[in-house]
Amino acid sequence: MQIEELYHVFEQHPVITTDSRDCPEGSIFFALKGEKFNGNLFASAALEKGCAYAVVDEPEHADTTDSRYIVTDDVLTTLQQLARLHRRTLGTRIIGVTGTNGKTTTKELIAAVLSEKYNVLYTRGNFNNHIGVPKTLLQLTRDHDIAVVEMGANHPGEIHTLVNIVEPNCGIITNVGKAHLEGFGSFEGVLHTKGELYDFLRTREDSVIFIDADNEHLQSIAGELKQVRYGVGNHDDLCASGEIVSCTPMVHMRWHHGSGEWHEVQTQLIGTYNLFNMMAAAAIGLYFGVSQEQVDHAIANYVPSNNRSQLTITAHNKLIVDTYNANPTSMNAALVNFCAIEGHPKMAIVGDMGELGECSSEEHHKVIDLLMASNIDQVWLVGKEFGAIKSPFRKFANVSEVKDAIAKEHPEGYYIFIKGSNYMRLFELPELL
């Protein structure tokens with residue numbers, strides 16, 4: 001079946017699923033395959049549960065007498081092609097978002113700001129890979145005015161693949177830092193891959209990028225692209241420029257547009273580094289005609305989720321939870337911010353950072369050096385990478401050992417910072433503290 005024929009089917013059944021346990025009536029099941037699963041084996045079950053069609057790439061698992069089976073060479077490629085055709089058919093304005101750190105928070109802030117004026121579709125959760133991105137695009141309807149699509153990568157060429165599915169009209173790279181070095185090989189590899197968003201936008205007429213005016217790495221690859229610039233500080237030549245008023249621990253900031261008046265906003269975000277994310281959202285909102293007062297309202301009312309810089313107040317402690325992921329750049333920024341918070345004794349539970357390859361030991365040493373110079377009263381290190389480095393801090397092999405220590409010692413009266421790569425499972429700790 002040609003992709004155009006499949007698109008006609010999709011127009012009649014505009015809900016897709018890749019999970020045979022979740023089969024809405026009349027939906028289309030895409031039998032994706034991975035290292036540990038094969039959706040082809042569950043195609044018949046999906047049809048029994050209510051799917052109208054099943055797209056498979058292993059004919060031996062399809063009933064050739066049943067017209068509900070759609071056989072293709074590769075289900076994933078078909079899903080991606082269908083998403084691109086849908087995006088082209090609707091012609092919705094799309095903002096592509098990528099970067100090493102802050103892309104999810106920035107994406108959500110952009111969506112919040114734009115939602116003050118438009119009907120916005122945006123990437124939910126961490127659906128930012130080769131499967132999540134097409135699934136997001138296939139949720140577009142003619143009712144949406146604009147879409148904000150997050151794109152992640154941990155290997156070279158992945159952003160190139162994603163932008164050629166999304167085909168964004170404009171884009172933002174939040175920053176570039178040391179993450180997934182095992183996959184990228186070097187910082188230069190990270191910069192090149194993230195820069196594939198800019199490379200695509202060069203092929204489109206009237207494209208625009210939103211860019212941190214002071215980020216030398218991004219400016220070095222932006223070239224001749226039209227820029228809408230934002231930044232930190234008092235700059236009259238930027239679309240949006242801001243500065244921190246206080247952080248105790250929620251950020252109270254002020255910002256202005258060009259040479260306009262200052263706007264003060266009390267946010268629900270922790271971390272001075274989030275000022276860059278807020279200025280990015282402000283600049284994008286203003287570019288698309290959102291008023292400055294609407295920007296204020298959106299940023300003030302945005303509440304982070306998904307274990308990203310969340311403040312959790314328990315009966316015993318105040319927790320700053322940032323356990324979704326960790327890399328050297330984000331760890332450094334978060335720890336510096338934590339050290340700047342005043343009041344209460346401080347405690348840090350810091351887990352290993354993954355996917356750093358040959359740089360792993362060096363980068364974990366740098367974190368320990370930062371902790372050594374900090375004003376944190378108690379430091380607990382979790383994981384084999386930190387465990388292999390000599391330091392005066394308490395060490396735990398895994399989260400289970402940390403849980404045992406919490407059960408015995410009952411830390412109380414602290415600001416507690418919790419951060420590590422997701423596989424360290426530090427997200428299991430807040431309920432115990």
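What comes next concerns the included structure. (Residues numbered from 1 in each chain as written. Predicted model: local features only at pLDDT ≥ 70, side-chain atom pairs only at ≥ 80, totals over all residues. Heavy atoms only, no water.)

Our focus in this paragraph is the overall build of the protein chain. What the protein chain contains, in helices and strands, is 16 helices and 19 strands. Against the compact-globule benchmark of 22 Å for 433 residues, the protein chain has a radius of gyration of 23 Å, which places it among compact chains. Overall, the C-alpha framework of the protein chain stretches about 70 × 55 × 40 Å when taken along its three principal axes. Within the protein chain, the fraction of its 433 residues that count as buried is 55%. Nonlocal contacts in the protein chain, meaning residues at least 24 apart in sequence, comprise 63% of its contacts between residues at least 6 apart. Carbon and sulfur atoms provide 47% of the accessible area of the protein chain, an area that totals close to 18,800 Å². Computing the positive centroid from 34 side-chain charges and the negative centroid from 55, the protein chain places the two 3 Å apart. (Helix = DSSP H or I, 4+ residues; strand = E, 2+ residues; numbered from the N terminus. Rg over C-alpha atoms; globule rule 2.2 N^0.38 Å. Buried < 20%, exposed > 50% of the residue type's maximum accessible area, 1.4 Å probe, protein only. Contact = heavy atoms within 4.5 Å. Areas by Shrake-Rupley, 256 points an atom, 1.4 Å probe, with all protein chains shown as cover. Lys, Arg positive; Asp, Glu negative; His and termini not counted. Charge placed at Lys NZ, Arg CZ, Asp CG, Glu CD.)

When you line up the elements, Glu150 lands in strand 7 (residues 146-150). Since its relative accessible area comes to 1%, Glu150 is described here as buried. Separated by 2.9 Å, the side chains of Glu150 and Thr104 make a polar contact. Among all residues touching Glu150, those that are not within four sequence positions of it are Val97, Lys103, Thr104, Lys107, Thr123, Gly125, Phe127, Asn128 and Val133. (Polar contact = N/O pair within 3.5 Å; in protein donor to acceptor, adjacent residues only side chain to side chain.)

Attention now goes to the environment of Ser421. The residue Ser421 is located in the segment after strand 19 (415-419) in this model. A residue is classified by how much of its surface remains accessible, and Ser421, at 2% relative accessible area, is buried. Sequence separation between Ser421 and Gln378 is 43 residues, and the spatial gap between their C-alpha atoms is 20 Å. Apart from residues lying up to four places away in sequence, Ser421 is in contact with Thr323, Asn325, Ala326, Asp352, Met353 and Gly354. Here Ala326 takes part through its backbone oxygen, which lies 3.3 Å from a polar atom of the side chain of Ser421. There is a polar contact of 2.9 Å between the side chain of Ser421 and the backbone nitrogen of Gly354.

Glancing now at the packing of helix 3 (residues 75-90) against helix 6 (residues 158-166). Packing of helix 3 against helix 6 leaves a shortest axis separation of 7 Å and a crossing angle of 45°. Of the possible angle classes, the one that applies to helix 3 and helix 6 is oblique. Each of Gln80, Ala83, Arg84 and Arg87 in helix 3 lies in contact with helix 6, whose residues at this interface are Asn164, Ile165 and Val166. Among the residues forming the contact of helix 3 with helix 6, the class breakdown is three nonpolar, two polar and two charged. (Axes fitted to C-alpha atoms, helices over the stretch in contact; angles between N-to-C directions. Parallel < 35°, antiparallel > 145°, perpendicular 65-115°, else oblique. Nonpolar A, V, L, I, M, F, W, Y, C, P; charged D, E, K, R; others polar.)

Right, let's get into the nonpolar core. Soluble globular proteins: nonpolar side chains tend toward being buried together. One finds Leu6, Phe30, Leu82, Leu137, Met151 and Tyr198 to be the most contacted residues of the largest nonpolar core, which totals 44 residues. Setting aside anything within four residues of it in sequence, one finds Leu6 in contact with Met1, Phe30, Val55, Ile70, Thr78 and Leu82. Grouped together as the second largest cluster of nonpolar side chains are 41 residues, Ile146, Val228, Phe288 and Val295 included. (Core = buried A, V, L, I, M, F, W, Y, C linked by side-chain atoms within 4.5 Å.)

Between the first and last C-alpha of helix 11 (residues 274-287) there are 20 Å, a value that for 14 residues agrees with the 20 Å anticipated at 1.5 Å per step. By the criterion of burial, helix 11 is predominantly enclosed, with 12 of the 14 residues buried. Within helix 11, the full set of buried residues consists of Asn274, Leu275, Asn277, Met278, Met279, Ala280, Ala281, Ala282, Ala283, Ile284, Gly285 and Leu286. Phi turns positive, to about 85°, at Gly289, one or two residues after helix 11. (Expected span 1.5 Å × (residues − 1).)

Below, the discussion takes up the sheet that holds strand 14 (residues 310-313). With respect to topology, six strands assemble into an open sheet ordered 14-15-19-16-17-18, the strand pairing being mixed. The open sheet has two edge strands with one neighbour each: strand 14 and strand 18 (394-396). Within this sheet the neighbouring strands show an average axis-to-axis angle of 20°, counted without direction. Where strand 16 (residues 346-351) meets strand 17 (residues 378-382), five bridges bridge the pair, whose relative direction is parallel. By the bridge assignment for strand 17, Met347 is matched with Gln378. Lying over the sheet, helix 13 (residues 328-340) contacts strand 15 (318-322), strand 16 and strand 19, oriented at roughly 180° with respect to strand 19. Sheet strands in contact with helix 16 (residues 399-409) are strand 16, strand 17 and strand 18, and its direction is about 150° off that of strand 17. (Pairing = 2+ DSSP bridges.)

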